[in-house]
Amino acid sequence: MKVAVFSTKSYDREYLDKYLQEKHTVEYFESALKQRTVGLTNGFDAVCVFVNDTLDAEVIKRISENGVRLIVLRCAGFNNVDLEAAREYGMRVLRVPAYSPHAVAEHAVALIMTLNRKTHKAYNRVREGNFSIERLTGFELSGKTVGVIGTGRIGKIFAEIMRGFGCQIIAHDAYINADLEKQGVQYMDMETVFKQSDILSLHCPLTPETHHMINAESLLKMKKGVMLINTSRGKLIDTNAAIQSLKDGHLGYMGLDVYEQEEALFFKDLSEIIIRDDKIARLMTFHNVLITAHQAYFTDNALDQIAKTTCKNIDDFCAGSIQKENEVTAERVLG
Ligand code: NAI
């Protein structure tokens, strides 16, 4: 099969080559797949994309005209694919539903620990010969209430890790995980989770229902000084509302691995370019905000698993035996 891989970084190529090279004809493109780059798909059977490629209705129509029959996502989230359009053009969409949920859960914990114990500041201070611990005060996690929104693969592991710290875990999800309940996790409605949490971590997908679930109104329901962690999708948070809440001193800390407008920024070295996005520029000025550029998944295990499953998805498509749990369809998502 001829596969066009978009948004390729050196690490993608290293791991994908291991599995794809022998069996398929692969061409790597550094650019993202979007309306401007869709011409590159001419003559390919499949496109292999990541979180910030844009597969809207127009792109899907044009890749279909170019001969593409398959979209393989190197990720779990599929909010960047217009599934209705994929259905209309008979395009199959396969993803990697779980590569390393531990990687993302552990990164959420890293954000919490860094924001709380200010290890990033301590590191810089000590390197400059400043051994003062003034203003590095943290708080103990033991006994704190941690709210988990979405207790799927990642949220469950996150909840279990935080239980290990001695935290009380409260959660909201339409599906109650009996195993977590047995471990003492209490499920409640979203509003109560917002009200009671000292730390709130988002682990649900981005859907029309969850878009801007963190907004001016929901932030006001939270405790003053709450720590908000988002390793899921940027658009779960209304960034303007979060900035205002930080300025008001209500939102106490924010740890982000994803950002509402990350497409133009993340995965790129912009260190010598003027950043035109004023919202991220403002976020970067807060001492109590920590941003990483969508690296929560980024472990050797996860990269290997992504490459292996991506190759298997292509092989299965060729063999006409798609694994149902790896396929996303408009029917399954929209009902
Ligand atoms: P999952 O599908 O196993 O779990 C998601 C959970 O969210 C499900 O239990 C679902 O019922 C729940 N949910 C859906 N709507 C909800 C709502 N309105 N309120 C509360 N819960 C709701 O997904 P998984 O693997 O745990 O991934 C979670 C998210 O993490 C993904 O959607 C993706 O956006 C993000 N992710 C981020 C990565 C990163 O590198 N930063 C890497 C991988 C995933």
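Residues numbered from 1 in each chain as written. Predicted model: local features only at pLDDT ≥ 70, side-chain atom pairs only at ≥ 80, totals over all residues. Heavy atoms only, no water.

Trainee: Break down the overall build of the protein for me, with residues and values.
Mentor: When helices and strands are tallied, the protein shows 13 helices and 12 strands. By the compact-globule yardstick of 20 Å for 335 residues, the protein fits well, its C-alpha radius of gyration being 21 Å. For the protein, the spread of C-alpha atoms along the principal axes amounts to about 60 × 50 × 35 Å. For the protein, buried positions account for 51% of its 335 residues. Long-range contacts, defined here as pairs at least 24 residues apart, represent 64% of the contacts in the protein between residues at least 6 apart. For the protein, the computed accessible surface area is about 16,200 Å², with 50% contributed by carbon and sulfur atoms. For the protein, the distance from the average site of its 40 positive side-chain charges to the average site of its 44 negative ones is 3 Å. (Helix = DSSP H or I, 4+ residues; strand = E, 2+ residues; numbered from the N terminus. Rg over C-alpha atoms; globule rule 2.2 N^0.38 Å. Buried < 20%, exposed > 50% of the residue type's maximum accessible area, 1.4 Å probe, protein only. Contact = heavy atoms within 4.5 Å. Areas by Shrake-Rupley, 256 points an atom, 1.4 Å probe, with all protein chains shown as cover. Lys, Arg positive; Asp, Glu negative; His and termini not counted. Charge placed at Lys NZ, Arg CZ, Asp CG, Glu CD.)

Trainee: Talk me through the site of the ligand; I want residue IDs and the actual numbers.
Mentor: The ligand sits among 23 residues. The nearest are Arg-153, Ile-154, Asp-173, Thr-231 and Asp-257. Between the ligand and the protein, one listed contact pairs an oxygen atom with a backbone N or O atom of Ile-154 at 2.9 Å. Contact between the ligand and Tyr-297: an oxygen atom at 3.1 Å from a main-chain N or O atom of the residue. Summarising the interface, the protein chains cover 86% of the accessible area of the ligand, which totals 870 Å² for the free molecule. (Near = heavy atom within 4 Å. Polar contact = N/O pair within 3.5 Å; in protein donor to acceptor, adjacent residues only side chain to side chain.)

Trainee: An account of the environment of Ile-154 is needed here, citing residue identities and associated values.
Mentor: Relative to the assigned elements, Ile-154 resides in helix H6 (residues 153–164). Ile-154 gets classed as partly exposed once you look at its relative accessible area, which sits at 26%.

Trainee: Give me the packing of helix H1 (residues 10–20) against helix H12 (residues 300–319): which residues, what numbers.
Mentor: In the contact formed by H1 and H12, the axes pass within 9 Å of each other and the chain directions differ by 45°. Overall, the two elements H1 and H12 adopt an arrangement that is oblique. The chirality of how H1 crosses H12 is right-handed. Residue-level contacts link Tyr-11, Tyr-15, Leu-16, Lys-18, Tyr-19 and Leu-20 of H1 to Asp-300, Leu-303, Asp-304, Ala-307, Lys-308, Thr-310, Cys-311 and Ile-314 of H12. (Axes fitted to C-alpha atoms, helices over the stretch in contact; angles between N-to-C directions. Parallel < 35°, antiparallel > 145°, perpendicular 65-115°, else oblique. Left-handed = near helix turned anticlockwise from the far one by under 90°.)

Trainee: How would you sum up the sheet that holds strand S5 (residues 92–94)? Please name residues and give values.
Mentor: Read from one edge of the open sheet, 5 strands run S2-S1-S3-S4-S5, paired in parallel fashion. At either end of the open sheet lies a strand with only one pairing partner, and these are strand S2 (25–28) and S5. Sheet twist, expressed as the mean angle between neighbouring strand axes with direction ignored, is 20°. As defined by bridge partners, strand S1 (residues 2–5) adjoins strand S3 (residues 46–49) across 3 bridges and the pair is classed as parallel. The residue of S3 that forms the bridge with Ala-4 is Val-47. Contacts from H12 reach S1, S3, strand S4 (70–73) and S5 within the one sheet, and its direction differs from that of S4 by about 160°. (Pairing = 2+ DSSP bridges.)

Trainee: Requested: an account of the domain arrangement of the protein, with residues and values cited.
Mentor: Here the protein is partitioned into domain 1 (2–99 + 300–334) and domain 2 (101–291). For domain 1 versus domain 2, the distance between C-alpha centres works out to 30 Å. Taken residue by residue, the interface counts 10 residues in domain 1 and 7 residues in domain 2. The contact between domain 1 and domain 2 buries some 880 Å² in all, and 55% of this surface belongs to carbon and sulfur atoms. Applying the counting rule to domain 1 against domain 2 returns 0 salt bridges. By residue class, the composition of the side of domain 1 that touches domain 2 is 6 nonpolar, 3 polar and 1 charged. (Domains from an automatic or database assignment. Buried area = accessible area lost by both parts, 1.4 Å probe. Salt bridge = Lys/Arg side-chain N within 4 Å of Asp/Glu carboxyl O. Nonpolar A, V, L, I, M, F, W, Y, C, P; charged D, E, K, R; others polar.)

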